[in-house]
Amino acid sequence: GFGGSQIVDATHFAKRIIFPYGPKMVFLRAGGNDLWSGKSPEQVFAEFKEFVTKVHSKLPETEIAFISLCPSVARWKQAEKEKALNTLVQEYTRQTPRVKYIETYSMSLDADGQPRPELFVADKLHFNAEGYKLLADKVRGNIQKQDGFLSHFSKDRRGSFGTPNRFRRTFEPDVDHELWVIHRPPADEGCIRLTSIIEAIDGNLRGAGLACHTITG
């Protein structure tokens, strides 16, 4: 994984971080760094469509969920661009099978439409625990239960996956990335593994991270 990633990076590394695992769902929260680098909403949207095309070229039944951008204090000046990108993606998902949109834009705003500083860490860009709890609430209902197996997150920010009476695997969350993948490797006989997630869905989700390197064997 790597910090500062853009959608094109997820597309480029799909053969490494997505395809080997045959995920049923891919959740992508990305695009903010792209806009900050100077790309237009239209260009970032085109790159998102390229990501979808690449994933569905190998995994045509996989559902892709775009977690929309929401404004931060540090990047407030690009809020309108974030809203424009969200709108482009939302309209696209209405016309495109197996692609969905998760709305989060207003989540970080107060009653006056301004970013809520209390939801961010010192850099005023990344969410703190309270901010990620709100994000978790938005995302949680969109996660598919796979084959009746369970996923569980403990509150010490380590995650464990598997069935209640079988084995479990644990991972250490990574804090800088923006794509996470739920997958069921065939060799694992039902263990559902989650790659590079930041904090627990059950209360502490810290966002979504690029995959693979934090889960092994």
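Everything discussed here concerns the structure shown above.
Within the protein chain, the regular secondary structure consists of six helices and eight strands. Its helices and strands taken in sequence order, the protein chain reads α-α-β-α-α-β-α-β-α-β-β-β-β-β from the N to the C terminus. Here the protein chain holds 217 residues, and 53% of them are scored as buried. In the protein chain, the share of contacts with a sequence separation of at least 24, taken over all contacts with a separation of at least 6, comes to 65%. Summed over its atoms, the accessible surface of the protein chain is roughly 10100 Å², and 50% of this surface lies on carbon and sulfur atoms.

What follows is about the nonpolar core. If you look at the biggest cluster of nonpolar residues, it comprises 25 residues, and the most contacted ones within it are I7, I18, L28, F48, F51, L85 and V89. Elements supplying a minimum of two residues to this core: α1 (7–12), α2 (14–17), β1 (25–28), α4 (41–58), β2 (63–67), α5 (79–95) and β3 (99–102). By size, the runner-up hydrophobic cluster in this structure holds 13 residues, among which are I102, L119, Y132 and L135.

Here we take up the pattern of salt bridges. Summed over all chains, the structure comprises seven salt bridges. Between E47 and K39 there is a salt bridge whose closest N-O contact spans 3.1 Å. Judged by its relative accessible area of 10%, E47 is buried. For E80, the salt bridge goes to K83, with nearest N and O atoms at 4.0 Å. Here K83 and E80 lie together in helix α5, a separation of three residues that amounts to about one turn. We classify K83 as partly exposed; its relative accessible area is 35%. One salt-bridge network, in which partners are shared between bridges, spans K133, D137 and R140.

Reading the values: rules and limits
Residues numbered from 1 in each chain as written. Predicted model: local features only at pLDDT ≥ 70, side-chain atom pairs only at ≥ 80, totals over all residues. Heavy atoms only, no water. Helix = DSSP H or I, 4+ residues; strand = E, 2+ residues; numbered from the N terminus. Buried < 20%, exposed > 50% of the residue type's maximum accessible area, 1.4 Å probe, protein only. Contact = heavy atoms within 4.5 Å. Areas by Shrake-Rupley, 256 points an atom, 1.4 Å probe, with all protein chains shown as cover. Core = buried A, V, L, I, M, F, W, Y, C linked by side-chain atoms within 4.5 Å. Salt bridge = Lys/Arg side-chain N within 4 Å of Asp/Glu carboxyl O.

In short, geometric facts, not functional conclusions.
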